[in-house]
Each structure stands twice: as C-alpha cells, then as structure tokens.
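Fold and contact review
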Amino acid sequence: MSSPWISGLRSVALDVPDLARAEDFYTRVWHLQVAARTDDAIYLRGTGADHHLLALHRGGAVCAIRHVTLRARSSEALRAVAEAAVRAGGRVVEGPAPIAEPGGGIGLTLRDPHGRLLQVVHGDALHADAHEAEDRPSRLAHVVLNSHDVAGTQAFFEQALAFRLADRTRIMAFLNCNADHHSVALGDTDNDALNHIAFVMPDLESVMRGGGRMKDAGHAIEWGPGRHGPGDNTFNYFIGPFGEVIEYTAEVEQIDDSYVAGGPADWTWPPGRVDQWGISQPPSARLKEAQRQVFFIPTPEHS
C-alpha cells in the first residue's frame, strides 16, 4: 500500500506565541531535543533519524500551523507531485528548490484546495545516531487534519501524493503511504483545523510513563490510556502549552498490500466504549475544543 512518491511523514511546523516557553515544554516535559535553532525558530528531534519532528517558529498571539512536511522517495517524485497537485486542484507555492533552513534538502510547498500547506522534501539531513530510548519519542506516527470535506481532501491526497485509504470510520479517514497503517488521517468536522500530532514512543510502558510525567507537569490526560481500532495503536492525548493537541502512541499496526480497508460498520464499539480496551473515558470537552482551534497560516495570493 506504499505511495510511489511519498516515503513518510517527517515533521510539523507551528507558529507559537512564546518560543522560550515552547522550548522548555518540548524538551523538559515532552522529551524532544534541540537539533538546531535560529533567531526565530527551534527545531526539535526525537531519537530517530529525522532531522527534526517539530519546528517551532516565533509567531503571533495564537498557535498556528505553518505546514506538514512529508518526505519524497526521490527528486523525481518531487516533480511528479508538483504536476499531480496542480491536476488535483492544488497550487504550487514554492519549489522544487533548496530549503534555506536547518535540515536542508530540496523542497516543494503546496497549498491544497482547502488552504492546507504541505511541504514535500528530499535529500534532507538525517541523524546517524538513530535509536530508541525509554520514555522518549523517536518519530512522528501521524498527523490528523480536520476537514469540512473529507471526500475532497482524501481525493487530493490520493491524486496529488498517491496516498491510499487504509480505513474509514464514521468520523475519520485514515490514509496510508508506507508500512504504518496511516501517516495522515482526516477528521470529519465542519472546519479545517489541526486535530492533533502523534509522536511514536518505543513501547506501551513509555506511553504510560509519559502520561504520568505530563500529569506531574500540569497537563492532564485528556483522552486515554487506550488502544485505537484503526491502526491498533495505544494512546494518551494531551493539550500542549499553546492549545495544540499532542499524542503519545506506540505499537502502530504495520500493513502491506494484503490489508483490506474497512468501513464504518467494521469499526463500531459496544455502548460506553471509545476504544478496544473499554477503560478510557471519552475525549474531554477541553480536548474536543482544542482540536478545532489551530489553523494553517495564510499565504499571499501572489506567492
């Protein structure tokens, strides 16, 4: 089920109101490390090979999403994606061209028909010391984006980026590009905000320890612990310091071409359950509200 063009999800870039506070939280509490910094941004890595998982830029009064970064399988894939994105109703904002920020590589920035900014990179820097470490994120698992038109957004990801549908529930479409069950999911809502960013932990123990560490730091578990249906991954959800929703996850299901996509009827729970285990309370009202508040930044029409 792999995309011939996209090898995976690399990182997410956010604008935040307070860069110093962001660095303190995401290093001391969330357990990322600073990979690079500029005057107006910090780039945070996990323990894996990706140069960074989260780019945090000095922004305005509210948190906003700058772009989601995917990694291309080749330089030829960048050109193929640029052409396919235009055919699918999107717009090339920039590139393919060298990226003038830490991590480097050649990049292509697209805006989809609903205004989301997607960056596709190839040849970016990788860390040679990739490993797993207890209670530390290694990479991103997925990003979930709200959509007022899931069918239309799904069609763009399929046509422009060669993602495929892994599963469809009543409220979400799960999109696949590699062995992970999903790298992008689309939440069926009435807006186009960032729903959440999920970080891979090495094991269930680390997901649980992370939950305790976050509670100690004043960030309650807003949903979890639990195990999802599509993706079969364990989870704990939190609200970050600027209203962004972040997830610790582990044991993401690995799939191949033999995997058969399910529909809403395949993913139902008995009354009172919201996951496989049935021990978690439903997502908090605070979480549901936060999942509607972080929007993509606008870009000038001439860009």
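Refer to the structure above for everything that follows.
All residue numbers refer to positions counted from 1 along the written sequence of the respective chain. Where totals are concerned, whole chains, interfaces and linings use all residues; where local detail is concerned, this predicted model gives features only for residues with pLDDT of at least 70, and gives and counts side-chain atom pairs only at 80 or more. The side-chain figures draw on all heavy atoms in the structure; neither hydrogens nor water molecules are used.

1. Quick word on the sheet that holds strand β16 (residues 245-250)
Hydrogen bonds between backbone groups are what pair the strands of a sheet, and the pairing can be parallel or antiparallel. Where we set the bar: Two strands are counted as paired when DSSP detects at least two bridges linking them. Runs of H or I in DSSP of at least four residues are treated as helices and runs of E of at least two as strands, each being numbered from the N terminus. Fitted lines through C-alpha atoms give the axes, limited to the stretch in contact for helices. The angle between two N-to-C directions lies from 0 to 180 degrees. Any two residues having at least one pair of non-hydrogen atoms within 4.5 Å are treated as being in contact.
Ordered in space as β10-β11-β12-β9-β13-β16-β15-β14, the eight strands form an open sheet in which the pairing is mixed. Each edge of the open sheet is held by one strand with a lone partner, namely β10 (164-168) and β14 (223-227). Strand after strand, the sheet turns through a mean of 20° between neighbouring axes, direction not considered. Of the strands in this sheet, β9 (139-147), β10, β11 (172-176) and β12 (184-188) are in contact with helix α3 (residues 150-161), which crosses β12 at around 165°. In the packing of helix α4 (residues 204-216) onto the sheet, the strands contacted are β14, β15 (234-239) and β16, and the crossing angle to β15 comes to about 20°.

2. Regarding the layout of surface pockets
Worth spelling out the cut-off: Of the two site types, the cavity is a set of points on a 1 Å grid over the protein atoms alone where a 1.4 Å probe fits but cannot get out, and the pocket is an open set with protein on both sides within 12 Å along at least five of seven lines, each lined by residues with an atom within 4 Å of a point. Grid points are joined across faces, edges and corners, and a volume is the space filled by probe spheres set on the points. Gly falls in the polar group here, along with every residue not listed as nonpolar (Ala, Val, Leu, Ile, Met, Phe, Trp, Tyr, Cys, Pro) or charged (Asp, Glu, Lys, Arg).
What the largest pocket holds in volume is close to 900 Å³. In terms of lining, the largest pocket is formed by 32 residues, of which the most central are Thr169, Arg170, Ile171, Met172 and Trp223. When its residues are assigned to classes, the lining of the largest pocket shows 13 nonpolar, 13 polar and six charged. Roughly 380 Å³ of volume is contained in the second largest pocket. Lining the second largest pocket are 17 residues, with Arg66, His67, Glu94, Thr109 and Gln119 positioned closest to its centre. For the lining of the second largest pocket, the secondary structure elements donating two or more residues are β5 (64-72), β6 (91-98), β7 (106-111) and β8 (117-122). Taken together, the residues of the lining of the second largest pocket break down into eight nonpolar, six polar and three charged.

3. Quick notes on the nonpolar core
Heads up, the rule is: In these notes, a set of buried Ala, Val, Leu, Ile, Met, Phe, Trp, Tyr and Cys residues joined through side-chain atoms within 4.5 Å is what counts as a nonpolar core. Exposure categories follow from relative accessible area, calculated using a 1.4 Å probe and restricted to protein chains: below 20% of the type maximum is buried, above 50% is exposed, and the middle band is partly exposed.
Core analysis: the biggest nonpolar cluster contains 63 residues, and Leu14, Trp30, Leu54, Leu56 and Leu161 have the highest contact counts within it. Residues within four places of Leu56 in sequence aside, it is in contact with Leu14, Val16, Leu19, Ala22, Tyr26, Asp40, Ala41, Ile42 and Leu44.

4. Overview of the packing of helix α2 (residues 75-87) against α3
At a closest axis distance of 7 Å, the pairing of α2 and α3 adopts a crossing angle of 140°. Two secondary-structure elements touch here, α2 through Val81, Ala84 and Ala85 and α3 through Phe156, Gln159, Ala160 and Leu161. A class-by-class count of the residues in the contact of α2 with α3 yields six nonpolar, one polar and no charged.

5. Points about the pairing of β8
Most of β8 sits inside the fold, with five of its six residues counted as buried. Relative to β8, β5 runs parallel, the two sharing four bridges. Bridge pairing links Val68 to Leu118 in β8. The pairing of β7 with β8 spans six bridges and is antiparallel. By the bridge assignment, Ile106 is partnered in β8 with His122. From the end of β7 to the start of β8, which pair antiparallel, there are five residues, and Gly115 there has a positive phi angle of about 100°.

Limitation: the analysis is restricted to geometry and does not speak to function.
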